[in-house]
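Report on the structure
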Amino acid sequence: MASLRGQGLSAELPPGFEGRVFRRAAAVGTETYPVMHFATFPIPENTADFGGGVPVAMSPTDIFAVLFQYGPESLGKALFARVGMPRTLSPEHFKPYLLRRGAPGQAGTQWFFTENGKPFTFYAVLGSSVLATSLVPRVNRLLAGITITPPAPLSAAAAPTTTVGGA
């Protein structure tokens, strides 16, 4: 199995999958967070965070998935109330209407959650809803190999200091 590591995320890629982890460049005054892409086909270099038009080029046996981290302002929001990434999905979790953009016959799922103090969404597209019973176990193998590490604690040197009293 190939390994993918970076940005506090790691994945052991099941056979047939490729992936990448990245963080987009931030505009002045903004911050970006890690994104992982996974696919059973070559991922185009300029793929948008949630795949953009990539799913429309998938074959019926392909899978495309995204793990997207949100900022700390999302912590505690109702959308991210689920604790822990889903690890076992079923074909019933994949619906055509859950696709951001897709081709006829495809199905998708999206899960919002918090794990190790970080808010995320997991989004996955199946190339064919008819093949869901054979494709979803592959998605589950992918999910089983993903690890989200807790945020690093502030070191004593990096911790904010407070001065009490004066001279």
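Each chain carries its own residue numbering, running from 1 in the written order of its sequence. The predicted nature of this model means local features are confined to residues of pLDDT at least 70 and side-chain atom pairs, given and counted, to a pLDDT of 80 or more, with totals for whole chains, interfaces and linings taken over all residues. For side-chain calculations, the full set of non-hydrogen atoms in the structure is used, while hydrogens and water are omitted.

Each helix and strand counted, the protein has one helix and eight strands in total. The numbering of helices and of strands both runs from the N terminus, where a helix is a DSSP run of H or I of at least 4 residues and a strand a run of E of at least 2. Going from N to C terminus, the protein has its helices and strands arranged as β-β-β-β-β-β-β-α-β. Under the scheme applied here, a residue whose accessible area is under 20% of the maximum for its type counts as buried, over 50% as exposed, and between as partly exposed, the area being computed with a 1.4 Å probe on protein chains only. Taken across its 167 residues, the protein has 44% of its residues classed as buried. The contact definition used throughout considers only heavy atoms, calling two residues in contact when any of these lie within 4.5 Å. Residue pairs at least 24 apart in sequence account for 58% of intrachain contacts in the protein once pairs closer than 6 positions are excluded. Of the roughly 8800 Å² of accessible surface on the protein, a fraction of 59% belongs to carbon and sulfur atoms. Working convention for charge: Lys and Arg count positive, Asp and Glu count negative, and His plus the chain ends are omitted. Charge positions are represented by NZ for Lys, CZ for Arg, CG for Asp and CD for Glu. The positive charge centre, built from 13 side chains, and the negative charge centre, built from 9, are 3 Å apart in the protein. In this description, accessible areas are obtained by the Shrake-Rupley approach with a 1.4 Å probe, and a residue is regarded as covered only by the protein chains that are shown.

The next thing to look at is the sheet that holds strand E3 (residues 18-22). To summarise the sheet geometry, strands pair through backbone hydrogen bonds and adopt either a parallel or an antiparallel arrangement. When DSSP finds two or more bridges between two strands, those strands count as paired. Spatially, five strands are ordered E3-E4-E5-E7-E6 in an open sheet, and the strand pairing comes out antiparallel. At either margin of the open sheet sits one strand with a lone partner, and together these are E3 and strand E6 (107-115). Direction aside, neighbouring strands of the sheet carry axes that sit 10° apart on average. Orientation is described by axes fitted as lines to C-alpha atoms, over the contacting stretch for helices, and by angles from 0 to 180 degrees between their N-to-C directions.

Each Phe, Tyr or Trp ring (for Trp, its six-membered ring) is paired with any other whose centre lies within 6.5 Å, and the angle between the two planes then decides the class: stacked below 30 degrees, edge-to-face above 60, tilted in between. In total, this model carries eight aromatic pairs according to the counting rule given. Between the aromatic rings of Tyr70 and Phe112, the centroid separation amounts to 6.3 Å while the plane-to-plane angle is 40°, which identifies the pairing as tilted. A residue pair is termed long-range when its members are at least 10 positions apart, and Tyr70 in the loop between strand E5 (63-69) and E6 and Phe112 in strand E6 qualify at 42 residues. Through successive ring pairs, a cluster of aromatic residues spans Phe50, Phe68, Tyr70, Phe80, Phe112 and Tyr123.

What pLDDT reports is the predictor's confidence in each residue, on a scale of 0 through 100. Of the residues in the protein, 91% reach a pLDDT of 70 or more, and the chain-wide mean stands at 89. Confidence drops under a pLDDT of 50 for residues 156-167, and excluding neighbours within four residues, the segment shows two contacts in the predicted structure.

Right, let's get into the sheet that holds strand E2 (residues 9-13). Overall, antiparallel pairing links the three strands, which are arranged E1-E2-E8 in an open sheet. Where the open sheet ends on each side, the last strands, each with one partner, are strand E1 (2-6) and strand E8 (146-148). Ignoring strand direction, the axes of neighbouring strands in this sheet form an average angle of 10°. Sheet analysis places E2 next to E8, joined by three bridges and oriented antiparallel.

So, about the environment of Pro137. Along the chain, Pro137 turns up in helix H1 (residues 132-144). Sequence separation of Pro137 and Arg87 is 50 residues, and the distance between their C-alpha atoms is 11 Å.

Turning our attention to the pattern of salt bridges. For salt bridges, the criterion is a side-chain nitrogen of Lys or Arg within 4 Å of an Asp or Glu carboxyl oxygen. The final tally for this structure, using the stated rule, is four salt bridges. As a salt-bridge pair, Glu12 and Arg5 come within 3.1 Å of each other at their nearest N and O atoms. For Glu12, a relative accessible area of 25% puts it in the partly exposed group. Salt-bridge contacts for Arg24 lead to Asp49; the nearest nitrogen and oxygen are separated by 2.7 Å. Here the residue Arg24 occupies a position in the loop between E3 and strand E4 (35-39), and Asp49 occupies one in the loop between E4 and E5, the gap between them amounting to 25 residues. According to the relative accessible area criterion, Arg24 is partly exposed, its value standing at 36%.

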